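Residue-level listing of the chains:
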Amino acid sequence: MPIKTAFPTDPADSELSWQDSALCAQTGPEFFFPEPGSSTREAKRLCGACDMRSVCLEYALTHDERFGVWGGLSEKERYELRRASR
Ligand code: SF4
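Residues numbered from 1 in each chain as written. Predicted model: local features only at pLDDT ≥ 70, side-chain atom pairs only at ≥ 80, totals over all residues. Heavy atoms only, no water.

Caption draft 1: Here's a closer look at the site of the ligand. By nearness alone, 12 residues border the ligand, and Ala22, Cys24, Cys47, Cys50 and Cys56 come closest of all. For the shell around the ligand, the class distribution of residues is 10 nonpolar, 1 polar and 1 charged. (Near = heavy atom within 4 Å. Nonpolar A, V, L, I, M, F, W, Y, C, P; charged D, E, K, R; others polar.)

Caption draft 2: Here's a closer look at the packing of aromatic side chains. Enumeration over the complete set of coordinates arrives at 2 aromatic pairs. Judged by centre distance (5.7 Å) and plane angle (55°), the ring pair of Trp18 and Tyr59 falls under tilted. Of this pair, Trp18 sits in the segment before helix H1 (41-48) while Tyr59 sits in helix H2 (residues 53-62), placing them 41 residues apart in sequence. Classification of Trp18 by relative accessible area gives buried; the value is 9%. By relative accessible area, which is 10% here, Tyr59 ends up buried. Ring centres 5.8 Å apart and planes at 20° place the aromatic pair Tyr59 and Trp70 in the stacked group. Taken as a pair, Tyr59 in helix H2 and Trp70 in the loop between H2 and helix H3 (75-84) lie far apart in primary sequence, 11 residues in all. Among the residues examined, Trp70 registers a relative accessible area of 0% and is labelled buried. (Phe/Tyr/Trp six-rings, centres within 6.5 Å; stacked < 30°, edge-to-face > 60°. Helix = DSSP H or I, 4+ residues; strand = E, 2+ residues; numbered from the N terminus. Buried < 20%, exposed > 50% of the residue type's maximum accessible area, 1.4 Å probe, protein only.)

Written as structure tokens, this is what we have:
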């Protein structure tokens with residue numbers, strides 16, 4: 001059965017096996033990829049309770065994911081984190 005995650009990635013990729021335990025797999029992608037200007041509060045609340053948060057954030061940073069909330073951070077927050085760590 002295909003994994004139903006909020007991520008627009010290939011679930012057959014073994015690098016993405018952590019998504020099996022992703023809390024967002026139980027929700028729709030709308031919280032994690034909100035329309036521009038929409039709130040990310042609900043996505044961040046779910047991320048705060050997700051056991052995969054750190055690996056999710058690491059994946060997003062490693063793969064330069066530009067859109068959506070990953071590991072509890074918005075695209076702007078990930079951009080600022082990358083910039084601060086240079
Ligand atoms: S940290 Fe958030 S975006 Fe990442 S897997 Fe968990 S719920 Fe999904």
